[in-house]
Amino acid sequence: ATQAERSATAAEENAHLARTALHISERAYVDITASLLSGIEAGKRLQAKVEFKNAGRSPAFDVQARSGVGMMERAFTDDEAIMVIGAGPKARGIRSRLSLGPGSKVEQRAGGEGELTKEIAEQIEEGGAKVYVVSFVSYQDIFRHIHHISYCGVFNPQTHTLDICESGNKAD
């Protein structure tokens, strides 16, 4: 290769690196946090608050989200729970598309089906069943790249908080 070809190749590589660095530093980064709003008590319905925050330096466009909360028998895997709860009839979603500016946040409420019985509440507290909160988000950044995030949290009966699931948490 000639010196001119090597220089052209180097210039192209530098331009690519500059575009990549700009994208990484300036794009939107939507984050998900979740918590249970209700305790694990007989007569109460499972309820969760899921918050979406743009921690990036530019707006997130066409933000769409779907969240759910539910109980699964202990024998189910995290991935199975994500499929059932995240796609279930009670999963709530932002039906319209919205924009989320830098530092802005929006929250979504998700409710489980029916009230907990005493037996089910005891089963959850003793670890025989698990409560999950799952959420899926997609959005577009200012560079027109589409990003997807999935969140899975599982109730910890010792701490009464949500722990991150062993699988199902992904972001790009």
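Structure first, text after, so check above.
As a starting point, this report considers the structure included with it. Just so you know, the residues in each chain are numbered from 1, in the order the chain's sequence is written. Given that the model is predicted, a residue must reach a pLDDT of at least 70 before its local features are reported, and side-chain atom pairs must reach 80 or more before they are shown or counted; all residues, however, enter totals for whole chains, interfaces and linings. Hydrogens and water are ignored here; the side-chain numbers use all heavy atoms of the structure.

## Things to note about the side chain of Asn156
Just so we agree on the cut-off: Going along the chain from the N terminus, every DSSP run of H or I of four or more residues is numbered as a helix, and every run of E of two or more is numbered as a strand. The cut-offs for exposure are 20% and 50% of the maximum accessible area for each residue type, with area from a 1.4 Å probe on protein chains only; residues under the lower value are buried, those over the upper are exposed, and the others partly exposed. Here a polar contact means two N or O atoms within 3.5 Å. Within protein one must be a hydrogen donor candidate and the other an acceptor candidate, and residues neighboring in sequence count only if both atoms are side-chain atoms. Contacts are assigned to residue pairs that have any heavy atoms within 4.5 Å of one another.
Here Asn156 is to be found in strand β8 (residues 146–156). Asn156 gets classed as buried once you look at its relative accessible area, which sits at 14%. In terms of polar contacts, Asn156 uses its side chain to reach the side chain of Asp163, at 2.8 Å. Residues within four places of Asn156 in sequence aside, it is in contact with Thr161 and Asp163.

## Topic: helix α2 (residues 78–86)
The condition is simple: Our arc is simply the arc of the directions from the helix axis toward the C-beta atoms.
Burial in α2 covers these residues: Asp78, Ala81, Ile82, Ile85 and Gly86. An end-on view of α2 places all buried positions within 105 degrees of arc, on one side of the element. Structurally, α2 contributes buried residues whose contacts are with β3 (60–73), β7 (129–140) and β8.

## Description of the pattern of salt bridges
Our working definition: Counted as salt bridges are all cases of a side-chain nitrogen of Lys or Arg within 4 Å of a carboxyl oxygen of Asp or Glu.
Scanning the entire structure with this criterion turns up six salt bridges. Note that Lys105 is salt-bridged to Glu51, the shortest N-O span being 3.8 Å. Taken together, the positions of Lys105 in strand β6 (residues 105–115) and Glu51 in strand β2 (residues 45–54) put the pair 54 residues apart, joining distant regions of the chain. Of the residues examined, Lys105 reaches a relative accessible area of 53% and is grouped as exposed. One salt bridge connects Glu107 with Arg109, and the closest N-O pair in it is separated by 2.9 Å.

## Thoughts on the state of the cysteines
Here is the rule we go by: By disulfide we mean two sulfur atoms from cysteines, separated by a distance within 2.5 Å.
Following the criterion strictly, the structure yields one disulfide and no others. Between the sulfur of Cys152 and that of Cys165 lies a disulfide, 2.0 Å long from S to S. With the S-S dihedral at roughly -60 degrees, the linkage between Cys152 and Cys165 falls on the left-handed side. Residue Cys152 is found in strand β8, and its partner Cys165 is found in the loop between β9 (161–164) and β10 (170–171); the two are separated by 13 residues along the sequence. Overall, Cys165 belongs to the buried group, its relative accessible area being 6%.

Structural measurements only, silent on function.
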